[in-house]
Structure formats: structure tokens, C-alpha cells
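# Residue-level structure breakdown
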Amino acid sequence: MRTLRRTVAGLSAVALAATLGACSADDGVPTLTWYINPDDGGQAEIAASCTEAANGAYRIETSLLPRDAASQREQLARRLAASDRSLDIMSLDPPFIPELAEPGFLAPVPDTLQDTDGIVQGAVQSASWNGELVTVPFWANTQLLWYRESVAEAAGLDMSQPVTWDQIIEVAEDQDKQIGVQGALAESLTVWINALVASAGGQILEDPEASPDEMQLGLESDAGRAAADIIGRIGSEGLGGSGLPTADENASMNLFQGDSGSFMVNWPFVWPAMQASDPEIVDDLGWAVYPRVDAGTPAAPPVGGINLGVGAYSENTDLAWRAVECIVQPENQAQYFVTNGNPPSNTAAYDDPQVQEQFPMADTIRESLDLGAPRPQTPYYNEISIGLQRTWHPPTAVNPDATPETSTDFILAVLRGERLL
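What comes next concerns the included structure. Remember, it's a predicted structure, so these values are computed and weren't measured experimentally.

## A word on the sheet that holds strand β11 (residues 303–310)
With mixed pairing, 5 strands are arranged side by side in an open sheet as β2-β1-β3-β11-β6. Of all strands in the sheet, those with a lone pairing partner are β2 (59–64) and β6 (136–142), marking the two edges. Each neighbouring strand pair of the sheet contributes to a mean axis angle of 20°, computed without reference to strand direction. The sheet contacts of helix α13 (residues 317–327) involve β1 (31–36), β2, β3 (89–92), β6 and β11, and relative to β11 the element is tilted by about 145°.

## Overview of the pairing of β1
Counting buried positions along β1 gives 6 out of 6 residues, so the element sits mostly inside the fold. Of the two faces of β1, the one holding Thr31, Thr33 and Tyr35 and the one holding Leu32, Trp34 and Ile36 are both buried throughout. Relative to β2, β1 runs parallel, the two sharing 6 bridges. Bridging across to β2, Leu32 finds its partner in Ile60.

## As for the packing of helix α8 (residues 187–199) against helix α17 (residues 381–391)
Running from N to C, α8 and α17 cross one another at 90°; their axes reach a closest spacing of 9 Å. By the criterion of interaxial angle, the relationship of α8 to α17 is roughly perpendicular. Contacts between α8 and α17 pair Glu187, Leu189, Thr190 and Ile193 from the former with Tyr381, Ser385, Leu388 and Gln389 from the latter. Of the residues contributing to the contact of α8 with α17, the split by class is 4 nonpolar, 3 polar and 1 charged.

## Here's the deal with helix α10 (residues 249–257)
All of the buried residues in α10 are Ser252, Met253, Leu255, Phe256 and Gln257. The elements touched by buried residues of α10 are β7 (144–148), β8 (178–180), β9 (261–266), α11 (270–277), α12 (279–282) and β10 (285–288). Between the side-chain oxygen at the start of α10 and the backbone nitrogen of Asn250 there is a gap of 3.2 Å, and the oxygen is on Asp248.

## Side note on a negative patch on the surface
A cluster of like negative charges, contributed by Glu170, Glu173, Asp174 and Glu237, occupies part of the molecular surface. With respect to the helices and strands, the residue Glu237 is situated in the loop between α9 (222–236) and α10.

## What to know about the nonpolar core
Grouped together as the largest cluster of nonpolar side chains are 50 residues, with contacts concentrated most on Met159, Trp165, Trp192, Ile234, Phe263 and Trp392. Mapped onto this core, the elements with two or more residues apiece are β7, α6 (149–155), α7 (165–174), α8, α9, β9, α17 and α18 (403–415). For Trp192, the residues in contact, after removing those within four places along its chain, are Trp165, Val181, Gln182, Ile231, Ile234 and Tyr290. Within the second largest apolar cluster, 30 residues are counted, among which are Leu32, Leu113, Val310 and Leu319.

## A word on the side chain of Asn342
Note on placement: Asn342 falls in the loop between α14 (330–340) and α15 (353–358). At 3.2 Å, the side chain of Asn342 forms a polar contact with the side chain of Tyr336. Excluding residues that lie within four positions of it along the chain, Asn342 makes contacts with Trp139, Tyr336 and Phe337.

## Let's talk about the environment of Ile306
Note that Ile306 resides in strand β11. For Ile306, a relative accessible area of 4% puts it in the buried group. Expressed as a C-alpha distance, the spacing of Ile306 and Ser126, which sit 180 residues apart in the sequence, is 9.2 Å. Residues in contact with Ile306, not counting those within four places in the same chain, are Asn37, Ser91, Leu92, Asp93, Pro137, Phe138 and Trp139.

## Describing the side chain of Gln143
Within the fold, Gln143 resides in the loop between β6 and β7. The buried category is assigned to Gln143, whose relative accessible area is 2%. Within the local environment of Gln143, its side chain forms a polar contact with the side chain of Gln182, the two groups lying 3.4 Å apart. Here Gln143 is in contact with Gln182, Val191, Val265, Asn266, Trp267, Tyr290, Pro301, Pro302 and Ser368, once residues within four sequence places are set aside.

Reading the values: rules and limits
- Residues numbered from 1 in each chain as written.
- Predicted model: local features only at pLDDT ≥ 70, side-chain atom pairs only at ≥ 80, totals over all residues.
- Heavy atoms only, no water.
- Pairing = 2+ DSSP bridges.
- Helix = DSSP H or I, 4+ residues; strand = E, 2+ residues; numbered from the N terminus.
- Axes fitted to C-alpha atoms, helices over the stretch in contact; angles between N-to-C directions.
- Contact = heavy atoms within 4.5 Å.
- Buried < 20%, exposed > 50% of the residue type's maximum accessible area, 1.4 Å probe, protein only.
- Parallel < 35°, antiparallel > 145°, perpendicular 65-115°, else oblique.
- Nonpolar A, V, L, I, M, F, W, Y, C, P; charged D, E, K, R; others polar.
- Polar contact = N/O pair within 3.5 Å; in protein donor to acceptor, adjacent residues only side chain to side chain.
- Patch = residues over 30% accessible without salt bridge, like charges linked within 9 Å, V, L, I, M, F, W, Y side chains within 5 Å.
- Areas by Shrake-Rupley, 256 points an atom, 1.4 Å probe, with all protein chains shown as cover.
- Salt bridge = Lys/Arg side-chain N within 4 Å of Asp/Glu carboxyl O.
- Lys, Arg positive; Asp, Glu negative; His and termini not counted.
- Charge placed at Lys NZ, Arg CZ, Asp CG, Glu CD.
- Core = buried A, V, L, I, M, F, W, Y, C linked by side-chain atoms within 4.5 Å.

Below is the structure:
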């Protein structure tokens, strides 16, 4: 873990040398700080609800992290490396959990929260490291295949059955339509690459626990070449639109809502967004599980969301885990989905009548999350993700005969200190 030690040392050097631990108010009630990612106020509402339910055992206050995941990672890693005692509860983006778990920055999950029955499989995988649950799934996320029913009907495509990337590419070509995908030089591109490789039965990282000197990638494989073929075809044939090299999730949604829209892979936030912006599109909107790469192999959709961790240096770890247990109750997850649009990790929450009413695709989301595959779980995720983005961009230049090899050579050279990102 040579690179990790250097990273932690560097982060420690720029972090605050000392911080205050969890404090108590004048009434003597311990105050727990929950560092949250930006949302529409749902986590603050849950904090208030769990504070009330605690009956004076603790109080939860929220502290807002930066908007983008990379900045969240940087802030939390620096503070944890400095043994910051104020990090009680943290909302963590799954790809960065191994980096925080490996050096012991996360407090062990107690036995009372180790039961994963009723938790979607994708969330359990993303909350784990080295075969152990190191965080607790809170809300999960996945991408669906959204489609214009009129386009699918005109093509004679039976959307009640699994469809493949080849099929939707063929429909888009035949009808002179475009496909909403994320080709920007950003994390969204890594999400797309990983989902394609996993859906083809492969994996980007062969041994997540290996040291950089021994790490092996799975891109130079049939799965890696299939992923490159799909991205390259969509890019070179103009099926992702002229803005594909800069297209993020919102740009993909805008393309889908235009006259050339046909299919789109995207997160469930698009449902309320399109309801508000373009009700006519909603009348022509369908959804299904992520496209397959091979007709005989189930898709492995992207997995995202937030898991909850407790800082190893918190002075109130027992209380923090009690608070986490309250936060992740199915009724809180269901309410969070309804008010903030973030899908639950607990399957019971999907049966809530409000969830079923407001998100008619809730059962498809739940199915997708059980099929989903997380991005590579490794303390070196940042290097791997950026390395993928640098070598698979722009989509128009992706070539199945060259890109997987080029990408592998570059990422391994970075991990071994032979190249710079």
C-alpha cells in the first residue's frame, strides 16, 4: 500500500492539526455531527426525526459537504487522516469507501447492523471492503433504460423483454434517432464503461486487494472489447449527438427530450425532472432494466447512492451507530425517496404506497439494484477512474482493437508510479 501511505501522509500534512470532538449542548445531550452530501433537505429532516426519537440520548446536527463527490472525498480523507474527532456520521459515495476503510479511518460496523437481509445486493457490495461490511447502506441508485414508447413501437421492439445495446443502436440508426448516454470527461464516463464491462461478464479490476505492483486489469478481454465497441459505435456514428464528448446526465436528458430522442440510460432523477419540464414526454415514456451487452447474459446496471460510515476517531461511536440505525429505517428511506428522489437500499421501503404512487418504476429500480455491479472496489479507485476517463475519451476515438490495451498500460503505469495522471 505504498501509494496509499504517501497519500495519507500528504493529506495529513495539509489537514488541520487538531479538531474538536463531538460536543454536548448546555442541556448535556451529546451532539453528533452528520456530514451530508447536498440534497433537497431530506437528510436534515431525518436528522431531526431521529433526534426526536432518541428521547435525549443524542442530538444530530448536519454539516454540508461539497457538491461533487471528488471534493467530498478530499475533505473527508484529509480530516480523517488528521484524526478529526468531529466526524461522527458520514454520508459516503461508495467508490471511495475502500480508500477510507483500508487505513482504519472507519469505525467497525456493530453486529446489530451487520444483517443485510432485505438490502439490495448492489448496495451491500458497495458498502463492503475485503469481504466485510464497513459502512451501512442508506440509499441506493441505479440507471434504467428510459425509452420513447412511440419509437419502440415503430421499431416493433418488445420492451417487456430484455433488450440489447445492439438492438437500440439499430433502432436509432433505422429511425434517424439519437441515444442519451454520458460521454463527458467525468465520473459518468467511468460509470458507463464499468456497466458495459460488467454486463459483458467481465470486470475492470481483477483483484481489488492487490498492491499496485501486482494489480491486474480485465479490460483486455472479450468484455472490455465489447464495451469499447459499443461506446465507439455510438460515438463515431453520431448516435449520442454532437455534444456527446461533454454530455453529462442532464445533457443526456435534454437530448432524450428533443425530437431525435429514442433511448437513454440515466438515473431515476429524470422522472420528476421530466414531469416538471415536459409532461408530453412523460405520456410517451417507458422504462426497463439496463440494456444487455449479450442477449443471453443479464445486464449489470450501474450502482450508486450513499452509505453511512462512522469516523474511527469519533468520541461517540456507540451513539453514532445508534443514530445510523435510526436513519436507515425503511420508513425513513421511503420518505427520503418520495421527497428527495433517492431510491432506498431496503427492499421493504419499495412497498410503501407513496413510493409506488409517485415512482411507478419503483419495482424496476429495485430489480436493477439487485442486478447491479459497483464500480471497482479499491483504495486506488481515484487513479483507476481518472485513468479510464483519460483513455476512453472522446467516445468517437474509442476503438475495441486499441483502447482496452492503451487504457490498461496507462492505468498500470500510473499505479506503479511510472506515469502521472
